Amino acid sequence: MAAGRRWPVAQFLPQPSAGGAPSAPTGRSTRPPSTGAARTHPIPHGAGRAAPREQLLGEGMAPGTNDKQPAETKDDERVTALRRFAAAGRNWRRAQLAGSALLMAIALTGGAIAFGSSRDGGTAPVATTSAVDPALLAGGDLATTIASLQAHLRAQPKDSDSWATLGLAYVEQARTKGDPSRYPQAEKALKRALQITPDNDQALAGEAALAAARHEFAPALGYADQALKQNPYSAGALASRIDALVELGRYDEAGKAADLADRRKPGVPVFTRFAYVRELRGDVKGAQRVLEQALSTATSKGDISYVAAQLGLLAWNQGDYRSAEDYYARALTADDTYIPAVEGRARVQAALGDRADAIKGMELVVSRYPLPQQLVELGELYEDRNAKGDRTKAADQYALVEAWIALARANGVNADLDTALAAADHGNKAEALKAARAEWARRHTVHTADALAWALYVNGQRKEALPYARQATATGYHNASFGYHLGMIELADGDKAAGRAALTKALKLNPGFSPLGARTARKALEATK
């Protein structure tokens, strides 16, 4: 069940801008075979001659591409394209869906995907000093920032810092719009920056952020370490290093990395990561204390809305719905368009029994950002309501998850954890297990352990599932969904007492963790009295 867990943290935590200020994030949630070989080191740069400038930055061209750069695609057009693609995909074989994901990407971006920019064969250009303020990334208007950078780079194509800033802007745009088709553009811009200046710490930090956004956390860690060798105070590299260590399951090292980042570059991006590491270790009070401190020092509406929403999520995970409601209200007071707060408020409304407003709120969320977790949660709300037409509506949401995953994979994102989490309950169970095993082979985290345990369980492999379910709960992380999975697996394994204890604990922690999961847990307890 989706509501009690989070998709990969690095997809949602804010990246500091090149100028050090955090960007306004889209929210952190629980919770993702790679499309290509993971890179642990940057591809060597400067081995060939750069492409002629007009091929990179011709009039109307996207920097780092040979493709025309269209006007910014509107959110509703992007979502409509995704929905059309998903509807068509329901009748295709999975292989055809994956192979056609490129068509959806073109629909989402108006053809702005970057496929080729520079050509090998010559010497690298000489770097020039950046005339673009990297703090533009903190301004909030990414479309304007990107347009300004593109214009500047047409005039100054050897400005490696601006190429790096453009790459970071594309990463941020992909994250804030839920549009992974921006990642190839980011990759081209960052490669261009490193071709000009191979030791550009900003570009290396950008590569770390890009790798993390694509859920390739081992390469992300390698890039972050390389960036920190060049600049030990790089805010982006310090943040990405914490993210990578967390998502690799190296929690003790992540805690040390957070301590280091706090000493070198304290601020909201570090505080929120520091709090999350504590939460994963079961220190809820410590996490809350850090977030409250961050909120007390936050001044921008982006920081206030983000930190308040994180406090809301922390409270909701503990079943403290009234406090969560208050925090989400504070986030929306700072920014009434802040989607993660709308999402969190909808989750609280569902837990409190206000299903109509919960569905309305989640419909707004997925109309703007049709991401896997939110789509699954809306589908489950429809299933829980079970009015006329709701099962079809729910199926539509689950089809959109498959479409998003296909698009993500087409743009270099490792989507195995997304697949495992969604398909185990609402898709192809065999595919869920295959994806969960693949992700577990890459990294051992509480989330990958839980995903593998549940995928094994729904495929009838209860005994093999149990050790992974226990490992998912071993750190003390307060997650009702994990407890629910553990309880159901223990019951299936014949341990009635342990199963009932785990289910009771999960419902006591967060009785509304999932509309479908909570109902199933209560039925299981009733059946095993």
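Here the structure is a predicted model, which means the values were calculated and not measured.

1. Points about the confidence of the model for the chain
Across the chain, pLDDT averages 81, with 74% of residues at or above 70. Of the regions scoring below 50 in pLDDT, residues 17-73 engages in 213 contacts with residues more than four places distant in sequence or in other chains.

2. Some details on the side chain of Ser 181
Relative to the assigned elements, Ser 181 resides in the loop between helix H6 (160-177) and helix H7 (183-196). A polar contact is formed between the side chain of Ser 181 and the side chain of Asp 179, at a distance of 2.4 Å.

3. Considerations on the nonpolar core
Residues Leu 166, Val 246, Val 307 and Leu 503 are the most contacted members of the largest nonpolar core, which totals 147 residues. It is helix H14 (residues 301-317) that contributes the most residues to this core, 10 residues altogether. Among all residues touching Val 307, those that are not within four sequence positions of it are Val 268, Thr 272, Leu 291, Ala 294 and Leu 295.

4. Topic: the pattern of salt bridges
Scanning the entire structure with this criterion turns up 25 salt bridges. Salt-bridge contacts for Arg 437 lead to Glu 464; the nearest nitrogen and oxygen are separated by 3.0 Å. Of the two residues, Arg 437 is situated in helix H21 (residues 429-442) and Glu 464 in helix H23 (residues 462-472); the sequence distance between them amounts to 27 residues. The partly exposed category is assigned to Glu 464, whose relative accessible area is 31%. The network of salt bridges with common partners includes Glu 247, Arg 409, Asp 416, Glu 439, Arg 442 and Arg 443.

5. Observations regarding the packing of helix H20 (residues 416-426) against helix H22 (residues 446-458)
For the pair H20 and H22, the least separation of the axes is 9 Å and the interaxial angle reads 35°. Of the two possible hands of crossing, H20 and H22 adopt the one that is left-handed. The residues of H22 that touch H20, namely those facing Leu 417, Ala 420, Leu 421, Ala 424 and Asp 425, are His 447, Thr 448, Ala 451, Trp 454 and Val 458. For the contact of H20 with H22, a count of residues per class yields seven nonpolar, two polar and one charged.

6. Overview of the packing of aromatic side chains
A full pass over the atoms with the stated rule returns five aromatic pairs. An angle of 75° between the planes, with centres 5.7 Å apart, marks the rings of Tyr 477 and Phe 482 as edge-to-face. Across the pair, Phe 482 and Tyr 477 agree in class, each one buried. Seen in terms of ring centroids, Tyr 484 and Phe 513 are 5.5 Å apart; in terms of plane orientation they differ by 45°. Their pairing is tilted. Here the residue Tyr 484 occupies a position in helix H24 (residues 480-492), and Phe 513 occupies one in the loop between helix H25 (496-509) and helix H26 (515-527), the gap between them amounting to 29 residues. Looking at Tyr 484, the relative accessible area reads 2%, which means it is buried. On the basis of relative accessible area, Phe 513 is assigned to the buried category, the value being 0%. Every member of this aromatic cluster is reached through a ring pair, and the members are Trp 454, Tyr 457, Tyr 484 and Phe 513. Over the ring of Trp 316 we find Arg 347; its NZ or CZ atom is 5.4 Å from the centre of that ring. For Arg 462, the ring lying beneath its charged end belongs to Tyr 457, and the centroid distance is 4.9 Å.

7. A look at the environment of Asn 231
Relative to the helices and strands, Asn 231 resides in the loop between helix H9 (217-230) and helix H10 (235-247). On the basis of relative accessibility, which here comes to 23%, the residue Asn 231 falls in the partly exposed class. Remark: the alpha-carbon pair of Asn 231 and Gln 202, spanning 29 residues in sequence, is separated by 8.7 Å.

8. Observations regarding the environment of Leu 142
Its location among the elements puts Leu 142 in helix H5 (residues 142-155). Looking at Leu 142, the relative accessible area reads 12%, which means it is buried. Between the C-alpha atoms of Leu 142 and Tyr 170, which are 28 residues apart in sequence, the distance is 8.4 Å.

9. Things to note about helix H8 (residues 201-213)
Over its 13 residues, H8 runs 18 Å from end to end, which matches the ideal 18 Å to within 8%, given 1.5 Å per residue. Here H8 lies mainly inside the structure; 12 of its 13 residues are buried. Turning to H8, the residues buried within the fold contact H6, H7, H9 and H10. Two or three places before Gln 202, at the start of H8, stands the capping residue Asn 200, its side-chain oxygen 2.9 Å from that residue's backbone nitrogen. Taken from the residues just after H8, His 215 is the one with a positive phi, measuring 65°.

10. Some thoughts on the environment of Ala 213
Mapping Ala 213 onto the fold places it in helix H8. Other than its neighbours up to four places away in sequence, Ala 213 contacts Val 171, Tyr 183 and Val 413.

11. Describing helix H11 (residues 251-264)
Relative to the 20 Å expected for 14 residues at 1.5 Å per residue, H11 spans 20 Å between its end C-alpha atoms, a close match to the ideal helical length. Those residues of H11 that fall on the buried side of the exposure criterion are Tyr 251, Ala 254, Gly 255, Ala 257, Ala 258 and Ala 261. Down the axis of H11, the buried set is contained in an arc of 165°. They therefore lie on one face. Counted as exposed and oriented over 90 degrees from the buried face of H11: Asp 252, Lys 256 and Arg 263. Against the buried residues of H11 lie H10, helix H12 (268-280) and H22.

Criteria and cut-off values
Per chain, the residues get numbers from 1 upward, laid out in the order the sequence is written. Local features in this predicted model are restricted to residues whose pLDDT is 70 or higher, and side-chain atom pairs enter the listing and the counts only when it is 80 or higher, whereas totals over whole chains, interfaces and linings include all residues. As a rule here, side-chain values cover all heavy atoms of the structure and leave hydrogens and water aside. Across the chain, each position has a pLDDT score giving the predictor's confidence in that residue, from 0 to 100. The contact criterion used is simple: two residues touch if any of their non-hydrogen atoms lie within 4.5 Å. The helix count covers DSSP runs of H or I at least four residues long, the strand count covers runs of E at least two residues long, and both are numbered beginning at the N terminus. We define a polar contact as two N or O atoms separated by no more than 3.5 Å, with the added condition that, inside protein, one atom must be a possible hydrogen donor and the other a possible acceptor, whereas residues neighbouring each other in sequence contribute only through side-chain atom pairs. Residue types Ala, Val, Leu, Ile, Met, Phe, Trp, Tyr and Cys, when buried and joined through side-chain atoms within 4.5 Å, form a set referred to as a nonpolar core. For the exposure calls, accessible area comes from a 1.4 Å probe over protein chains only, and a residue counts as buried if that area is under 20% of its type's maximum, exposed if over 50%, partly exposed in between. For salt bridges, the criterion is a side-chain nitrogen of Lys or Arg within 4 Å of an Asp or Glu carboxyl oxygen. In this description, a line fitted to the C-alpha atoms serves as the axis of each element, helices being fitted only across the stretch in contact, and the angle between N-to-C directions of two axes falls anywhere from 0 to 180 degrees. Crossings are sorted by hand: turned counterclockwise from the far helix by less than a right angle, the near helix makes the crossing left-handed, and turned clockwise it makes it right-handed. Classification used: nonpolar for Ala, Val, Leu, Ile, Met, Phe, Trp, Tyr, Cys and Pro, charged for Asp, Glu, Lys and Arg, polar for all others including Gly. Paired rings are identified among Phe, Tyr and Trp, the last through its six-membered ring, by centres lying within 6.5 Å, and are further divided according to the angle between planes into stacked (under 30 degrees), edge-to-face (over 60) and tilted (the rest). Lysine and arginine charges are scored as sitting over a ring when NZ or CZ, respectively, is within 6 Å of the ring centre and within 35 degrees of the ring normal. Residue count minus one, scaled by 1.5 Å, sets the expected span of a helix. Our arc is simply the arc of the directions from the helix axis toward the C-beta atoms.

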